[in-house]
Amino acid sequence: RQGLGAVIVRRGHVNPAEVAELLAAADMLVLTSAVEGAPLVVLEALATGCPAAVTRVGDLPTIITENENGVLCDPVEPLALAD
């Protein structure tokens, strides 16, 4: 609806063999969870050099170093991820 279809790709199920390749090609992983533990997808992204924009929930603040390997956002402020 916002006209971002040309710059944002949302994938459904991905073959596990393709995950590392897709993450390495991505500009950023965005995880919008309101509740989380230590999501494997964030660790996989970081292992390929893909930074992550995540909400400050669960163990994510111990995984993401602000402006080094990603950014942390308040989970109750959805527009913070857009910024």
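Refer to the preceding data block for the structure.
This text gives an overview of the structure that appears in the document. Keep in mind that this is a model prediction, so the values were computed, not measured. (Residues numbered from 1 in each chain as written. Predicted model: local features only at pLDDT ≥ 70, side-chain atom pairs only at ≥ 80, totals over all residues. Heavy atoms only, no water.)

**Here we look at the overall build of the protein**
- In terms of regular secondary structure, the protein is built from four helices and three strands.
- Counted from the first residue to the last, the protein has its helices and strands arranged as α-β-α-β-α-β-α.
- On C-alpha atoms alone, the protein measures out to a radius of gyration of 13 Å, which is about the 12 Å that the 2.2 N^0.38 rule sets for 83 residues.
- Expressed as lengths along the three principal axes of its C-alpha atoms, the size of the protein is roughly 30 × 30 × 20 Å.
- Every one of the 83 residues in the protein was classed for burial, and the buried ones make up 24%.
- When contacts within the protein are restricted to residue pairs at least 6 apart in sequence, those whose partners lie at least 24 apart make up 23%.
- Within the structure as shown, the protein displays about 5,900 Å² of accessible surface, and the carbon and sulfur contribution to it stands at 54%. (Helix = DSSP H or I, 4+ residues; strand = E, 2+ residues; numbered from the N terminus. Rg over C-alpha atoms; globule rule 2.2 N^0.38 Å. Buried < 20%, exposed > 50% of the residue type's maximum accessible area, 1.4 Å probe, protein only. Contact = heavy atoms within 4.5 Å. Areas by Shrake-Rupley, 256 points an atom, 1.4 Å probe, with all protein chains shown as cover.)

**What to know about the nonpolar core**
- If you look at the biggest cluster of nonpolar residues, it comprises 13 residues, and the most contacted ones within it are Leu 29, Val 42, Ala 52, Val 54, Leu 60 and Ile 64.
- The set of elements that each furnish at least two residues to this core consists of strand E1 (29-31), helix H2 (40-47), strand E2 (52-55) and helix H3 (60-63).
- Non-local contacts of Ile 64, meaning those with residues more than four positions away in its chain, are made with Val 42, Leu 46, Ala 52, Val 54, Asn 69, Gly 70, Val 71 and Leu 72. (Core = buried A, V, L, I, M, F, W, Y, C linked by side-chain atoms within 4.5 Å.)

**Here's the deal with the layout of surface pockets**
- Put simply, the largest pocket is a space of about 1,200 Å³.
- If you trace the largest pocket, you find 28 residues lining it, with Ile 8, Val 9, Arg 10, Met 28 and Val 30 closest to the centre.
- When contributions to the lining of the largest pocket are tallied by element, the ones reaching two or more residues are helix H1 (16-25), E1, H2 and helix H4 (79-82).
- The element best represented in the lining of the largest pocket is H1, accounting for four residues. (1 Å grid on protein atoms, 1.4 Å probe; cavity = no way out; pocket = protein on both sides within 12 Å on 5 of 7 lines; lining within 4 Å. Points joined across faces, edges and corners; volume = space filled by probe spheres on them.)

**Focus: a nonpolar patch on the surface**
- Together, Leu 4, Val 7 and Ile 8 make up an exposed nonpolar region whose accessible area comes to about 300 Å².
- Classification of Ile 8 as partly exposed rests on a relative accessible area of 48%. (Patch = residues over 30% accessible without salt bridge, like charges linked within 9 Å, V, L, I, M, F, W, Y side chains within 5 Å. Salt bridge = Lys/Arg side-chain N within 4 Å of Asp/Glu carboxyl O.)

**A word on the environment of Thr 62**
- Note that Thr 62 resides in helix H3.
- Judged by relative accessible area, Thr 62 falls into the exposed class, the value being 66%.
- For the pair Thr 62 and Ala 38, spaced 24 residues apart in the sequence, the C-alpha separation amounts to 9.2 Å.
- A polar contact of 2.6 Å, which involves the side chain of Thr 62, links it to the backbone oxygen of Asp 59. (Polar contact = N/O pair within 3.5 Å; in protein donor to acceptor, adjacent residues only side chain to side chain.)

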